[in-house]
Amino acid sequence: MQNPAPIALFVYNRPEHMRRTLKYLQDNLLAADSRLFIFSDAAAHTADEEKVNQVRALAKQTAGFKSVRLIEREENMGLAQSIIQGVTQLVNEYGKVIVFEDDLLSSPHALTYFNEALQRYEQAEKVMQVAAYMFPLTGRDTLPETFFLRSISSWGWATWARAWKHFEADIDKLYAQFDVEKIHCFTVDGTMKNYWKQLLDFKNGKNDSWAIRWHASVFLQAGLVLYPAKSLIENIGHDGSGVHSIIEDSYRVHPSRTPVSTFPDTIQEDPRALAAVKDFYRHRKGTWIKRGRKFITNQWFKLKKRLAK
């Protein structure tokens, strides 16, 4: 593989999560040929400074890649602005980028998948993102090895400069383009209403999500995202350790150890994959008993985090 895409790794204050993420990335078949850029945000609070320093020390010791560059933010930017600026910087320089956060364990074939897809669909304007995570779908063995869907993923992804230029940071400009029909489609035919809630929450200052704006930007361009049927990413951040995370097990998967060998020739949303994802969305919260236990657990955990500050 010539000229693999640069890898952007966004980190903050979780050295142990980062250590595992790096170990899995180092085990990738294309790691030694890939440039790694580690974007380290500055501490938002004095209590975070020690962990941030540990993260930066770990970054400086990192090897196993073609090159490793640490970008140390002097002021706390927050995850959203850090990702927006970092991705913009790298696509402007290299034309493409692979994006990781500090809590994502990858298959040894993930970088190969990303780079092959980036090359294959480089000129396909309708393809705007390559995603490596996939939900624990029922019947995934009956699905094609890879397929297109309308929704983006923020858990291990890649894109091109030609697609990222459509990223719209202004929520009011995005919001103004939606009508009832588009909202229904944006929420995967009403099965994932949380997407619209996230957009409204951002508009009302209740979150600082880059992902929901990227999702809306891709959707409003009628863009598509490539996915594998078997996830190449495991998110280990649902242990409540992240700034924006809660305790959650509905999305738990283990990275596939099998290389991806086939990609779709026809660029359109796959109806079988769409049906499987919609089924997952409908049932992901589980029974009312499970929902109640999860709610109580997370409320208690949030209280403990507030008291610890």
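Refer to the structure above for everything that follows.
The paragraphs below set out a description of the structure included in this document. These numbers come from a predicted model, not from an experiment. (Residues numbered from 1 in each chain as written. Predicted model: local features only at pLDDT ≥ 70, side-chain atom pairs only at ≥ 80, totals over all residues. Heavy atoms only, no water.)

**With respect to the packing of aromatic side chains**
Filter applied, for reference: Any pair of Phe, Tyr and Trp rings, taking the six-membered ring for Trp, is counted once the centres come within 6.5 Å. Such a pair is stacked with planes under 30 degrees apart, edge-to-face with planes over 60 apart, and tilted for the rest. Only lysine NZ and arginine CZ atoms are considered, and such an atom sits over a ring when it is within 6 Å of the ring centre and within 35 degrees of the ring normal.
As enumerated under the stated definition, the model contains 28 aromatic pairs in all. Aromatic ring contacts, followed pair by pair, group Tyr133, Phe135, Trp155, Tyr175, Phe178, Phe186, Tyr195, Trp196, Phe219, Tyr251, Phe280 and Tyr281 into a single cluster. Positioned above the aromatic ring of tryptophan 160, the side-chain terminus of arginine 162 is 4.2 Å from the ring centre. The positively charged end of lysine 203 is found above the aromatic ring belonging to tyrosine 175, 4.7 Å away from the centroid.

**Overview of unusual backbone geometry**
Of all residues except glycine, most have a negative phi; of all peptide bonds, most are trans. Applicable threshold: A run of DSSP states H or I qualifies as a helix once it reaches four residues; a run of E qualifies as a strand once it reaches two. Both are numbered from the N-terminal end. Categorising residues by exposure relies on relative accessible area from a 1.4 Å probe, with only protein chains included: less than 20% of the type maximum marks a residue as buried, more than 50% marks it as exposed, and the intermediate range marks it as partly exposed.
With a phi close to 50°, asparagine 3 is a non-glycine residue in the positive phi region. Mapped onto the elements of the fold, asparagine 3 is located in the segment before strand 1 (7-11). Judged by its relative accessible area of 59%, asparagine 3 is exposed. Not every positive phi belongs to a glycine, and valine 188 is a case in point at roughly 55°. Inspection of the secondary structure assignment puts valine 188 in the loop between helix 7 (180-186) and helix 8 (194-203). Since its relative accessible area comes to 3%, valine 188 is described here as buried.

**Let's talk about the pattern of salt bridges**
Spelled out, the test is: Salt bridges are defined by distance alone: a side-chain nitrogen of Lys or Arg within 4 Å of a carboxyl oxygen of Asp or Glu.
In total, this model carries 13 salt bridges according to the counting rule given. With its nearest N and O atoms 2.8 Å apart, the salt bridge here joins aspartate 102 to arginine 14. In this pair, aspartate 102 sits in the loop between strand 4 (96-101) and strand 5 (104-106) while arginine 14 sits in the loop between strand 1 and helix 1 (15-26), placing the two residues 88 residues apart along the sequence. The partner of lysine 60 in a salt bridge is glutamate 72, and the shortest N-O contact between them spans 3.7 Å. Here glutamate 72 lies in strand 3 (residues 67-72) and lysine 60 lies in helix 2 (residues 49-60), a separation of 12 residues in the sequence.

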